Amino acid sequence: MNGKINKQIATLFIILLLAMAAHAQVAIHGRVRAAGKAVGGVRIELLGDGDNKMLAYTFSDGQGKYRLQSLRSGPFSLLFTALSFKPVSVPIMAVQADTLVDVQLSAGGVERLQEVIVHSKRPYRLGKDTIELAVKSFLQGDERTVEDLLKKIPGIQVGTDGSIKIGDKEVQKVMVEGDDFFEKGYRLLTQSMSVRPLKKIQILQRYSHNKQLNGIENSDKIALNLELEEDSKAQWMGSLDAQMVPIGPKYYQANTNLMNFGKKNKHYLLGAANNNGFDAVSSINYLLQSGSSDEPGQIGIGITTPTLIDNTPNLPGFDYKRTNFNNDKLLSLNTILNPSAQLKIKWLGFANPTKKTFYRNTVQNYHLQDNQFTNTEDHHFKRKIDNYFTKLELQFEPNKDAILTYTGTLGSLRKNDLATLIFNGIQSEEGTKNTGYVTNQNISYSHKFSSRDVLVSSLRWIKQRSPIDYNINQFYYEDLFGVEDIHAVQQHIANNLMFIGATAHYVGRKRNGDSFQLAFNMDYQKQQLNTELKLLSNPTGLGDSVSSPSGFSNVMDFNVFQTNIITKYTFKRAGWELTPHLQAGLVQSILIDFGTSKSKNNVLLSPGLSAKWGLHAKGRLEADFYFLQQNATSTQLVPNYYTTGVRNFIRGMDNLAPLSSSGAALTYTYGSLTDRFFANMSAGHQILFDYVGISSSLNPNFTLIQQVLLKNKKSSYFKVDLNYYLKAVHGNFRLDLGTNATDYANLVEGVGSRRIRTANYDYGLSFRSAWNSKLNIYMGYTVQRITYRTESKLILNNSRGFLNVFFSLSKNIQCNLKNESYRFGSLMGQTSKNYYFSDFTLSYKMKKHRARFNIIAKNIFNTKFFRNVELTDLYNSNTEYRLLPGYISFGLDLSF
């Protein structure tokens, strides 16, 4: 059935392309001059007469020449714009196949654009640090949320987790009318907010979180700002999306948004509930951690308790929603108040009670000389999550040169896992309970001495408790502990963190464009990790007796006090800039185990050099060289074993030595989002002179992992993504090529040291149409090749193809067909298998009532499971996941 559908779609696509190619094109070309000299870099837009809709655009080359093509025969107008020149509009009636239009520009207009305001319908507008996108130019009719729209803009990449990248840089925040609700937790906004009220999307380059650093900080950060239609500002509006399956499995989804974005006060309320696989909160960690590590004046970013036991399935390259048996609920209340010109109050609160179920069958195959065995695991997890979080931010500006900011967060994080496990044919019940909380308090003060220098100081305090209770009612470890008559195993982990740190960060810029930064940091961090493994026996007629095996308990405190000086200077000249930087620190580490302490003082030096070079008008080259020294983490130093699940016991290394590494990276960028051709190419190499490897003792029922200090781990990568808008087919092609290779060692008891060489190769080609017609498509194919070289060579080939078709049957009726195919490589005698998925949506719009009725068919072929293959340096595995069944739901989207 899927093959027939794909053949029909392909036939329709070929017929359309032939029709487009057969249609006569109109070519318009000429030369742009000013004062008798050719002018390059002039933007030329071909606009339809009457509707002012942009049909094509280009830029003049170094000789002032340009060329445009259109399927329409006119009438047109040509708009010529360039900095330092007055705009010129030329009306034309291009009825010939080849039309010549030469233009003379005159001096005038804007010399420098700090900020751009757009009042026309052109899809792009450029400013000095801003790119503006007209939302209506990218709408095709099936977009519901902001994320749906972003996926259709060439050059913007939206990951499966909701993260947004432009080129190789991740977006720091997504604002609405200049204000930010969620910082890096912007997924809550982009995956929920309706696209209806949007007018423009601004891409803010060289963005600074602290407005006093604008024009002073040498920033490479990127942020997005959503601008609304005038009739959507300063009034309550919202949307409601509800879906339900009336017959068969009772799947449903409901989302509601209520918002008011005024000039002074902004409010955003979000509610969601579903059991059809959609993850209401992609990651709470983005909300818990505020700020950016490379932002001046920040300290303590990323400090958190370690994750010690995690049963979440690993699904690389597969749509997680298809295997997410869930029951999610989310309520988020957010407000920004401006009671006066000097004071801003931001409050965020959300609750996220969730239930999830995972089904997973795994076969692991070990082939290491004498260690050859196969394990089977049949896991059925039931997880209950209760997350509650609140954040308060107060920003006070006593005058134009000072900002005082307080940010405080408080979160309650609970997660309980109950699992039925059949391990090598023996059934057991497994439980993991996490009940914790976190508070993060930060005070920051910025003082601007002049238009060219700022001092930012901050003080942060973090306290987190993440206790874990693990139990399993089966004893698989007779060979390890040499005891019998044990009916259960328990482990309690006290996992606590306290951090306090202060920083003062000076940022200055000279008149010639050079910039200078100097920071002084001091912080103290205490991590407590207490673990106790208990073996429970139950003699006849007696209660449980408890024993704790030697070497499987920890009472550890890891205290770190460090002082750092960070300095950076940027030499900026015409076309290039050079930035040497240095971090020098004194670190005192104290490790206490059962009252016995050992300490070490280390001087850590981390110098580096960054360079940027504008090779030509559209090409930019960036290079980064560094040497890094850092401390080992607390989990790399745990003295005795603790369990991380049913089979694995792990302990740290007995060494407080610093870890050293060096590396280099090179990136070339051609063009930008406004160009027909936009490319990013990057390559890098890293050497870990000291790294934490593992020494494993393997047994069919358990694995003992000892972390050890090893030498010389090498890795390298190469990545290319090319975006090209081909006028002949009115669509954007994207080519992704990437490879990464790693060379390292591990140790296995009975085998000795093993040299591991791994390599991943990824290839992908996709096409997204931008046809001014009833039909649009998005199609692509990716191939992944994974190799492991140890005692032998293993090769794994995976592939994925997709074809999404959007068709407008009429002005009010649209349909959307999404097709996916997966093919995973074969190992352990398993044959490769193709998995096909199709989802179909039929929508009817009632514009008068701002409503849309939907009929949605999910997993049309009712694929019930899929099998994924994984390679590691110790084993290869074959894992089967159960999938959500096929169903048909009826829904309503309503905007008000």
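Residues numbered from 1 in each chain as written. Predicted model: local features only at pLDDT ≥ 70, side-chain atom pairs only at ≥ 80, totals over all residues. Heavy atoms only, no water.

J.: What is the right way to read the overall build of the chain from this model?
T.: A count of helices and strands for the chain gives five helices and 49 strands. A compact globule built from 896 residues would reach a C-alpha radius of gyration of about 29 Å, and the chain, at 30 Å, matches this within 12%. With the principal axes as the frame, the chain shows a C-alpha extent of 100 × 70 × 55 Å. Split into buried and exposed, the 896 residues of the chain put 50% on the buried side. (Helix = DSSP H or I, 4+ residues; strand = E, 2+ residues; numbered from the N terminus. Rg over C-alpha atoms; globule rule 2.2 N^0.38 Å. Buried < 20%, exposed > 50% of the residue type's maximum accessible area, 1.4 Å probe, protein only.)

J.: Please explain the environment of Lys-793 as it appears in this structure.
T.: Take Lys-793: it is sitting in strand β43 (residues 793–808). What makes Lys-793 partly exposed here is its relative accessible area of 41%. Put simply, Lys-793 and Arg-757 are 36 residues apart on the chain and 9.4 Å apart in space, counted from C-alpha to C-alpha.

J.: Where do I start with the pattern of salt bridges in this structure?
T.: Opposite charge on two side chains permits pairing when their charged atoms draw close. Tallied over the full model, the rule gives 37 salt bridges. The partner of Glu-132 in a salt bridge is Lys-200, and the shortest N-O contact between them spans 3.7 Å. Remark: Lys-200 occurs in strand β16 (residues 198–205) and Glu-132 occurs in strand β11 (residues 130–134); sequence separation between them is 68 residues. What makes Glu-132 buried here is its relative accessible area of 2%. The exposure class of Lys-200 is buried, given its relative accessible area of 6%. In this structure, Arg-734 engages Asp-736 in a salt bridge whose closest nitrogen and oxygen atoms are separated by 2.9 Å. Each of Arg-322, Arg-800, Glu-820, Asp-839 and Lys-858 takes part in one network of salt bridges that share partners. (Salt bridge = Lys/Arg side-chain N within 4 Å of Asp/Glu carboxyl O.)

J.: Is there a simple way to think about unusual backbone geometry in this case?
T.: Keep in mind that most residues, glycine aside, have a negative phi and that most peptide bonds are trans. Although it is not a glycine, Glu-183 sits at a positive phi angle of roughly 50°. Turning to its location among the elements, Glu-183 is positioned in the loop between β15 (179–180) and α3 (187–190). A positive phi angle, close to 50°, is found at Phe-594, a residue other than glycine. Mapped onto the elements of the fold, Phe-594 is located in the loop between β32 (576–593) and β33 (596–614).

J.: Would you explain the side chain of Asn-375 in this entry?
T.: Positionally, Asn-375 belongs in strand β23 (residues 371–399). Asn-375 sits in the buried class, given a relative accessible area of 1%. Within polar-contact distance, the side chain of Asn-375 engages the side chain of Asn-424 at 3.0 Å. (Polar contact = N/O pair within 3.5 Å; in protein donor to acceptor, adjacent residues only side chain to side chain.)

J.: In this structure, what is going on with the packing of aromatic side chains? I would like to understand it.
T.: Here a ring pair, both rings aromatic, is described through the centre-centre distance and the interplanar angle of the planes. Considering all chains together, one arrives at 38 aromatic pairs under this definition. Relative to Phe-373, the ring of Tyr-366 has its centre 4.5 Å away and its plane inclined at 25°; by these criteria the two rings are stacked. With respect to burial, Tyr-366 and Phe-373 carry one shared label: buried. Of the aromatic side chains, those joined through ring pairs into one cluster are Phe-423, Phe-475, Tyr-476, Tyr-477, Phe-481, Phe-552, Tyr-641 and Phe-649. Over the face of the ring belonging to Tyr-778 we find Arg-768, whose NZ or CZ atom lies 3.7 Å from the ring centre. (Phe/Tyr/Trp six-rings, centres within 6.5 Å; stacked < 30°, edge-to-face > 60°. Lys NZ or Arg CZ within 6 Å of the ring centre and 35° of its normal.)

J.: Would you take a moment to explain the sheet that holds strand β4 (residues 54–59) for this structure?
T.: In any sheet, the strands associate via hydrogen bonds between backbone groups, in a parallel or an antiparallel arrangement. With respect to topology, four strands assemble into an open sheet ordered β4-β3-β6-β7, the strand pairing being antiparallel. Looking at the sheet topology across the chains shown, the edges are occupied by β4 and β7 (88–92). Each adjacent strand pair in this sheet contributes to an overall mean axis angle of 20°, direction not counted. (Pairing = 2+ DSSP bridges. Axes fitted to C-alpha atoms, helices over the stretch in contact; angles between N-to-C directions.)

J.: What am I meant to see in the pairing of strand β36 (residues 648–651) here?
T.: The side chains of a regular strand alternate between the sheet's two faces. As paired elements, strand β35 (residues 642–643) and β36 share two bridges and run antiparallel to each other. Looking at β36, one finds that Thr-643 is bridged to Phe-649. Here β35 hands over to β36 after four residues, the two strands then running antiparallel side by side. Of the pairings in the sheet, the one linking β36 to strand β39 (residues 702–726) comprises four bridges and is parallel in character. Residue Arg-651 lies in a different strand from β39, and its bridge partner there is Gln-706.

J.: Please explain the environment of Leu-698 as it appears in this structure.
T.: Relative to the helices and strands, Leu-698 is located in strand β38 (residues 677–699). Residue class for Leu-698 comes out buried when judged on its relative accessible area of 11%. Between the alpha carbons of Leu-698 and Gln-104 there is a distance of 78 Å; along the sequence they are 594 residues apart. Apart from residues no more than four positions distant in its own chain, Leu-698 is found in contact with Tyr-366, Leu-368, Asn-371, Phe-373, Thr-703 and Val-748. (Contact = heavy atoms within 4.5 Å.)

Keep in mind these numbers describe shape, not what the thing actually does.
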